[in-house]
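Spelled out, the chains give:
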Amino acid sequence: MSRLTGKVVVITGAASGMGEAHARLFVKEGAQVVLTDINEEKGQKVAEELGENALFVKHDVANKDDWQIVIDQAEKAFGPITGLVNNAGIVGPLGPLEELNDEDFNRVIAINQYSVFKGMQTVLKSMKKTNGGSIVNISSTSGLVGTANDISYSATKFAVTGMTKTAALELAKYNIRVNSVHPGVISTNIKLFDEVITATPLGRIAEPEEVSYLILHLISDESTFTTGSEFVVDGGFTAK
Ligand SMILES: NC(=O)c1ccc[n+]([C@@H]2O[C@H](COP(=O)([O-])OP(=O)(O)OC[C@H]3O[C@@H](n4cnc5c(N)ncnc54)[C@H](O)[C@@H]3O)[C@@H](O)[C@H]2O)c1
């Protein structure tokens, strides 16, 4: 039996980068996966490649109504949802806090932070039907230590860390586990911070799959006593 047999997992931002890598691994390990993204063309292509155990749904994670559509379509295709990976995220314009405008700040909050709240809230009804579930919220090392010149990103990733712990406390009674994952520098389309790359003890950028295997563990029944915790995959960056 594969590690995710019987699991139905929604992954946001799955058209590229780490989300795509998670989707590919999860299907390989026996899950049925709903990939969501604003990039319809790329998302559709990945889902088609993955075959009958994958479905793509167009989704702006900052949009409340889109969330209900995603959950309804996922249930219709594969049944009640057992896992949610809140992965979609952006880096806003880099620069000193003195220069950041409200519009840019609020856009990052909507995509990286509001989405995690709304995703957890919307998936609950479906997850409760399965007698338990696992939610993985993607934070960052920027949700554990400060990141100069990116205050909006930092705000959202610390918020994800906090929301994860609060949700874990509230949802434990439903046997729904909630954990956060904190990647360091991973090779995707996202802007990387040069100072983080040079300060990474392992001395390299990681491949997305090096994060996927941790999330696979958290989404599977291998981690049934794990909730409210922070999982760091950063090549030692925050060890100092
Ligand atoms: N790459 C890194 O080094 C790194 C480090 C720490 C944390 N992270 C976090 O990991 C997650 C994935 O990042 P990545 O590096 O794979 O980025 P990426 O840019 O390669 O992929 C992000 C995906 O999210 C999608 N997306 C963007 N806005 C969206 C929206 N409003 N609704 C739905 N989908 C949307 C994009 O189309 C894209 O497919 C993000 O939350 C990011 O903050 C990345």
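Everything that follows concerns the structure shown earlier in this document.
Residues numbered from 1 in each chain as written. Predicted model: local features only at pLDDT ≥ 70, side-chain atom pairs only at ≥ 80, totals over all residues. Heavy atoms only, no water.

## A word on the site of the ligand
Taken together, the neighbourhood of the ligand is formed by 28 residues, with S16, D37, N87, Y153 and T188 sitting nearest. Between the ligand and K157 there is a distance of 3.0 Å, counted from an oxygen atom to a side-chain nitrogen or oxygen. One of the side-chain N or O atoms of T188 is found 2.5 Å from an oxygen atom in the ligand. Protein chains bury 92% of the 830 Å² of accessible surface belonging to the ligand in isolation. Looking at the shell around the ligand, the elements that each hand over two or more residues are α1 (17-28) and α5 (151-171). Broken down by class, the residue content of the shell around the ligand amounts to 14 nonpolar, eleven polar and three charged. (Near = heavy atom within 4 Å. Polar contact = N/O pair within 3.5 Å; in protein donor to acceptor, adjacent residues only side chain to side chain. Areas by Shrake-Rupley, 256 points an atom, 1.4 Å probe, with all protein chains shown as cover. Helix = DSSP H or I, 4+ residues; strand = E, 2+ residues; numbered from the N terminus. Nonpolar A, V, L, I, M, F, W, Y, C, P; charged D, E, K, R; others polar.)

## Description of unusual backbone geometry
For N131, which is not glycine, the phi torsion reads 70° and is therefore positive. In this fold, N131 is placed in the loop between α4 (102-128) and β5 (133-138). Of note in the backbone geometry, N149 takes a positive phi value of approximately 70° without being a glycine. Within the element layout of this structure, N149 appears in the loop between β5 and α5. Judged by its relative accessible area of 43%, N149 falls in the partly exposed class. (Buried < 20%, exposed > 50% of the residue type's maximum accessible area, 1.4 Å probe, protein only.)

## Some points on the sheet that holds strand β2 (residues 32-37)
The seven strands lie next to each other as β3-β2-β1-β4-β5-β6-β7, forming an open sheet whose pairing is parallel. Only two strands of the sheet have a single partner each, and these edge strands are β3 (54-58) and β7 (230-233). This sheet shows a mean twist of 20° between the axes of neighbouring strands, independent of strand direction. Bridge count between strand β1 (residues 8-12) and β2: five bridges; the pairing is parallel. (Pairing = 2+ DSSP bridges. Axes fitted to C-alpha atoms, helices over the stretch in contact; angles between N-to-C directions.)

## What to know about the packing of aromatic side chains
In the structure shown here, the tally under the stated rule is one aromatic pair. Its end group placed over the ring of Y174, K128 keeps NZ or CZ at 4.4 Å from the ring centre. (Phe/Tyr/Trp six-rings, centres within 6.5 Å; stacked < 30°, edge-to-face > 60°. Lys NZ or Arg CZ within 6 Å of the ring centre and 35° of its normal.)

## Some points on α4
The terminal C-alpha atoms of α4, which comprises 27 residues, lie 37 Å apart, in line with the 39 Å expected from a rise of 1.5 Å per residue. Considering bend angle alone, the principal kink of α4 is centred on A110 and spans about 40°. The N-terminus of α4 is capped by N101, whose side-chain oxygen sits 3.1 Å from the backbone nitrogen of E103. (Expected span 1.5 Å × (residues − 1). Bend = angle between axes of the 7 residues up to and from the residue.)

## Regarding α1
With twelve residues, α1 extends 17 Å between its outermost C-alpha atoms, agreeing within 8% with the 16 Å of an ideal straight helix rising 1.5 Å per residue. With nine of twelve residues buried, α1 is to be regarded as a mostly interior element. Within the sequence span of α1, burial applies to M18, G19, E20, A21, H22, A23, L25, F26 and V27. One or two steps after α1, the chain reaches G30, where phi turns positive at roughly 100°.

## Re the environment of A23
Along the chain, the position of A23 falls in helix α1. Separated by 117 residues in sequence, A23 and S140 place their C-alpha atoms 19 Å apart. In contact with A23, other than residues within four places in its own chain, are I11, V33, L35 and L50. (Contact = heavy atoms within 4.5 Å.)

## Considering the pattern of salt bridges
A full pass over the atoms with the stated rule returns eight salt bridges. Among the salt bridges present, the one from R204 reaches E210, with a minimum N-O distance of 2.8 Å. Note on E210: relative accessible area 35%, which makes it partly exposed. The network of salt bridges with common partners includes E20, R24, K45 and E49. (Salt bridge = Lys/Arg side-chain N within 4 Å of Asp/Glu carboxyl O.)

## Focus: the nonpolar core
Generally speaking, soluble globular proteins have nonpolar side chains that are buried together. In this structure, F26, L35 and I215 are the most contacted members of the largest nonpolar core, which totals 29 residues. Residue assignment for this core shows that the elements contributing at least two residues are β1, α1, β2, α2 (40-50), β3, β5 and α7 (209-219). Broken down by element, this core gets its largest block of residues, six residues, from α7. The contacts of L35, once residues within four sequence positions are left out, are I11, A14, A23, V46, A47, L50, A54, L55, F56 and V57. Listed in part, the 28 residues of the second largest apolar core include V10, V34, V70 and M127. (Core = buried A, V, L, I, M, F, W, Y, C linked by side-chain atoms within 4.5 Å.)

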